[in-house]
Amino acid sequence: MMMLPAAPSRPAAAETAAAERRLVAMGTTLDLRVEASDRPAALRASEEAVAEIARIENLLSTWKPGGALDRLNRSCPGERVAVGREAANLLADVEAWSARTDGAFDPTVLPLVRAWGLRGEGRIPSDLERRRAIAAVGARHFRIDPETGAAARLSLAAGIDEGAWGKGYALDAAAARLRKAGVSEALLDLGGQLFVLGHRDVSIADPSNRGRAAASLSLTDASLSTSGNSERGRTVKGQRVGHLLNPRSGRPAPDFGSATAIASSGLVADILSTAFFVLGPEKGLALSERLRRAGFPNKALFLVRRGDHLEATSSPGLQFQLEGFSR
Ligand code: AMP
Ligand code: MG
């Protein structure tokens, strides 16, 4: 028998295969790239991640009937709703984050979202409507018991909106699945909010033109979320109504550009980008710093329109490149 020379062995790192998928999830596009030891493993892991995001969507969505939050939002005042331990824990967690942002982020903002017609064509509420909606916002309108997995809505006008944090939680859940499957290199992009396993260069969109990259930076095992008003706002009688609301004033937060948050958790990045936008660059950077000192690591990057230029301000030490400023 003739002996064949052994094939030169390749370094282990090169022996990976990738699976890429694009689909619709949580009302937006999910782009997924997963690397694993071989293609069947990459496909299997990516399917698990997609299934996990679908599970979270069913749990949290208030756009379709039947999920835990939807049932809570439709319940009679004081009625005990079995939302399950996961949703109850999550609600307690996001309420704690609302307090940490001094209410700039508030998951109970739904009455204001409705008053401004942000789930439809948009509208301008009267002062009375706006004041009533403000009064219906706040953690005091809910009772949550993570121990038993129960929750109650205490007033008829109150409601939970998952728009500013549900995608972040879904990314965390999907990333946890991927890690469990042994994946250490992946990129998940859920409507522009990113989760990176391993290391990757990513970009941040121009707030006036989402198709154009305005800045880029490197992420390692982290999530990046950007909040801005570019496309999701509404125009009512010629007036631009942003979809990011200041729960205190009950009005859309002033549109200055975009706020980006980076954190090891997708939930935290999602929450903070919303809070940073509502607060604006100055107060947003101060909150970011305060949270870091309080033991909640995070980074902030603000892109601020100045005439036809963008100006960037960020947390100290955040490394990023600007992709050319004039438009
Ligand atoms: P994001 O794009 O993550 O900043 O989330 C924006 C969505 O969150 C909006 O479309 C609203 O549904 C909801 N929202 C608006 N303002 C707030 C706020 N101050 N706190 C929490 N959720 C909000
Ligand atoms: Mg958010």
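What comes next concerns the included structure. Quantities reported herein were computed from a predicted structural model and do not represent experimental measurements.

Close to ligand 1 lie 16 residues, the nearest being Ala104, Asp106, Ser227, Leu245 and Thr274. One of the backbone nitrogen or oxygen atoms of Asp106 is found 2.9 Å away from a nitrogen atom of ligand 1. Within the side chain of Ser227, a nitrogen or oxygen atom sits 2.6 Å from an oxygen atom of ligand 1. Protein burial of ligand 1: of its 500 Å² of free accessible surface, 93% is covered by the chains. In terms of residue count, the dominant contributor to the shell around ligand 1 is helix H7 (residues 266-293) (three residues). Its residues placed into classes, the shell around ligand 1 shows eight nonpolar, four polar and four charged.

The next thing to look at is the coordination of the magnesium ion (ligand 2). Bound to the magnesium ion (ligand 2) are the protein donor atoms Ala164 (O), Asp270 (O), Asp270 (OD) and Thr274 (OG1), situated 2.1 to 2.5 Å from the metal. When the donor residues of the magnesium ion (ligand 2) are listed from N- to C-terminus, their spacing reads A-x105-D-x3-T. One end of the pair, Ala164, is in the loop between strand E5 (150-153) and helix H6 (166-180); the other, Asp270, is in helix H7, with 106 residues separating them in the sequence. For the pair formed by Ala164 and Asp270, the shared burial category is buried.

In this structure the tally under the stated criterion is 19 salt bridges. A salt bridge links Glu48 to Arg177; its shortest N-O distance comes to 3.7 Å. Highlighted residues: Glu48 in helix H1 (residues 39-60) and Arg177 in helix H6, separated in sequence by 129 residues. Taking the relative accessible area as the measure of exposure, Arg177 reaches 30% and is therefore partly exposed.

A complete count under the given rule lists four aromatic pairs for this structure. A ring pair is formed by Phe256 and Phe302, whose centres lie 6.0 Å apart and whose planes are at 45 degrees; its orientation type is tilted. Linking Phe256 in the loop between strand E12 (251-252) and strand E13 (257-263) with Phe302 in strand E14 (residues 299-306), this pair joins segments that are 46 residues apart in sequence. Given the relative accessible area of 13%, Phe256 is considered buried.

The subject of this paragraph is the sheet that holds strand E4 (residues 142-145). Taken together, the three strands give an open sheet; going across it, the order is E3-E5-E4, and neighbouring strands pair in antiparallel fashion. Edge strands, defined here as strands with exactly one partner in the open sheet, are strand E3 (81-82) and E4. As paired elements, E3 and E5 share two bridges and run antiparallel to each other. Bridged to Ala82 within E5 is Ala150.

On to H1, then. In a regular helix each residue adds 1.5 Å, so 22 residues correspond to 32 Å; H1 covers 32 Å between its end C-alpha atoms and thus fits that length. Residues of H1 that are buried: Ala41, Ala42, Ala45, Ser46, Ala49, Val50, Glu52, Ile53, Ile56, Glu57, Leu59 and Leu60. Considering only its buried residues, H1 is in contact with strand E1 (17-25), strand E2 (28-36), helix H2 (68-74), helix H3 (85-100), H6 and strand E6 (185-190). You can read the cap of H1 off the contacts: a side-chain oxygen lies 2.9 Å from the backbone nitrogen of Ala41, and it is on Asp38.

How each quantity is defined
- Residues numbered from 1 in each chain as written.
- Chains lettered and ligands numbered in written order.
- Predicted model: local features only at pLDDT ≥ 70, side-chain atom pairs only at ≥ 80, totals over all residues.
- Heavy atoms only, no water.
- Near = heavy atom within 4 Å.
- Polar contact = N/O pair within 3.5 Å; in protein donor to acceptor, adjacent residues only side chain to side chain.
- Areas by Shrake-Rupley, 256 points an atom, 1.4 Å probe, with all protein chains shown as cover.
- Helix = DSSP H or I, 4+ residues; strand = E, 2+ residues; numbered from the N terminus.
- Nonpolar A, V, L, I, M, F, W, Y, C, P; charged D, E, K, R; others polar.
- Donors = N, O, S within 2.8 Å, 3.2 Å for Na, K, Ca; no water.
- Buried < 20%, exposed > 50% of the residue type's maximum accessible area, 1.4 Å probe, protein only.
- Salt bridge = Lys/Arg side-chain N within 4 Å of Asp/Glu carboxyl O.
- Phe/Tyr/Trp six-rings, centres within 6.5 Å; stacked < 30°, edge-to-face > 60°.
- Pairing = 2+ DSSP bridges.
- Expected span 1.5 Å × (residues − 1).
- Contact = heavy atoms within 4.5 Å.

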